[in-house]
Amino acid sequence: MRLRNIPGSREAIAESQYVIHEEETRAGSWHEIFENDHPIYIEIGMGKGQFLMELARRNPDINYVGIEKYSSVLIRALEKMEEEETPLSNICFIRMDAEDIVKVFAKNEVDRIYLNFSDPWPKDRHAKRRLPSRQFLARYDVILKKEGTLEFKTDNRPLFDFAVEELEPAGWQAKVITYDLHSDAALMEGNVMTEYEEKFSSIGNPICKYIIFR
């Protein structure tokens, strides 16, 4: 997917108070960054930030880190943050490639991981780039606490089928698997929708979700 470059986005990201820069952090430093010992939840591929920011509003005693690879997308999240009437002190962003995630989060440092409407990388030769692939699950296994969970949502059924098939060889187990999230009243309780979830569910696309653990 080709993303339109937004002039000045890199400069704005470099200057933003809400962005933690990869070169400025180190694995094991997130409680120092937030200046508390609250649980740390991360979203990988956070897009424009709607999902994570709503969680941060609802849960002030949880620290949220949004990870986004593209400056042209992250800048939109920063614009949303600037519009907040009350600043959210329990959320920050980092622009980086998720392949390097074990460099910025320590072993057992993260309490929960969210993957939402991730890039499907449809060609077979790119399977290892998919965020729910066994290669990425191995990375998540390092940083996620043993009692922690990973939640994945998508409307892309082939990607979801692939994600489910990856669990056994990667050594993960499913707590929840649904192929129609919005028809499950129990799972929808407290559900926070992403921009894509709102868009695709509004045109009738079923939303798949799993919650997995080690």
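For the structure, check the block above.
Residues numbered from 1 in each chain as written. Predicted model: local features only at pLDDT ≥ 70, side-chain atom pairs only at ≥ 80, totals over all residues. Heavy atoms only, no water.

Q: How would you summarise the overall build of the protein if you had to cite specific residues and measurements?
A: Helix and strand counts for the protein stand at nine helices and seven strands. For 214 residues, the compact-globule formula gives about 17 Å, and the C-alpha radius of gyration of the protein, at 17 Å, lands near that figure. Overall, the protein is about 40 × 40 × 35 Å in size when its C-alpha atoms are taken along their principal axes. Counting all 214 residues of the protein, 48% fall into the buried class. Of all intrachain contacts in the protein linking residues separated by at least 6 positions in sequence, the fraction that spans at least 24 positions is 77%. Accessible surface, the protein as shown: approximately 11100 Å² in total, 46% of it carbon and sulfur. With 29 positive and 38 negative side-chain charges, the protein shows a spacing of 7 Å between the two charge centroids. (Helix = DSSP H or I, 4+ residues; strand = E, 2+ residues; numbered from the N terminus. Rg over C-alpha atoms; globule rule 2.2 N^0.38 Å. Buried < 20%, exposed > 50% of the residue type's maximum accessible area, 1.4 Å probe, protein only. Contact = heavy atoms within 4.5 Å. Areas by Shrake-Rupley, 256 points an atom, 1.4 Å probe, with all protein chains shown as cover. Lys, Arg positive; Asp, Glu negative; His and termini not counted. Charge placed at Lys NZ, Arg CZ, Asp CG, Glu CD.)

Q: I'd like a rundown of the environment of Thr25, residues and numbers included.
A: Following the sequence through the fold, Thr25 ends up in the loop between helix H1 (9–15) and helix H2 (30–34). The class for Thr25 is buried, based on a relative accessible area of 11%. For the pair Thr25 and Ile203, spaced 178 residues apart in the sequence, the C-alpha separation amounts to 41 Å. In this structure the side chain of Thr25 is engaged in a polar contact, spanning 2.9 Å, whose partner is the side chain of Ser29. (Polar contact = N/O pair within 3.5 Å; in protein donor to acceptor, adjacent residues only side chain to side chain.)

Q: Provide a residue-level description of the packing of helix H6 (residues 134–143) against helix H7 (residues 157–170), including the pertinent values.
A: Following both chains from N to C, one finds H6 and H7 inclined at 55 degrees, their axes separated by 9 Å at the closest point. What the angle tells us is that H6 and H7 run oblique. The two elements H6 and H7 cross, and the hand of that crossing is right-handed. Here H6 contributes Arg134, Gln135 and Leu137 to the contact with H7, which in turn contributes Glu166, Leu167, Pro169 and Ala170. Residues that form the contact of H6 with H7 fall into these classes: four nonpolar, one polar and two charged. (Axes fitted to C-alpha atoms, helices over the stretch in contact; angles between N-to-C directions. Parallel < 35°, antiparallel > 145°, perpendicular 65-115°, else oblique. Left-handed = near helix turned anticlockwise from the far one by under 90°. Nonpolar A, V, L, I, M, F, W, Y, C, P; charged D, E, K, R; others polar.)

Q: Go over the side chain of Asp111 with me, naming the residues and quoting the values.
A: Within the element layout of this structure, Asp111 appears in strand E4 (residues 110–116). A distance of 3.2 Å separates polar atoms of two side chains, one belonging to Asp111 and the other to Lys145. Ignoring anything within four residues of it in the chain, the contact list for Asp111 reads Pro39, Ile40, Tyr41, Leu144, Lys145, Gly148 and Thr149.

Q: For the nonpolar core, give the residues involved together with the corresponding values.
A: Generally speaking, soluble globular proteins have nonpolar side chains that are buried together. Core analysis: the largest hydrophobic core is formed by 37 residues, its most contacted members being Ile42, Ile44, Val65, Phe105, Ile113, Tyr140 and Leu150. Here this core takes six residues from H7, the largest share from any one element. Aside from chain neighbours lying at most four places away, what touches Ile42 is Val65, Ile67, Ile101, Phe105, Val110, Arg112, Ile113, Tyr114 and Ile143. If you look at the next biggest cluster of nonpolar residues, it comprises 22 residues, including Ala56, Ala77, Tyr114 and Val192. (Core = buried A, V, L, I, M, F, W, Y, C linked by side-chain atoms within 4.5 Å.)

What is shown is where atoms sit, not what they do.
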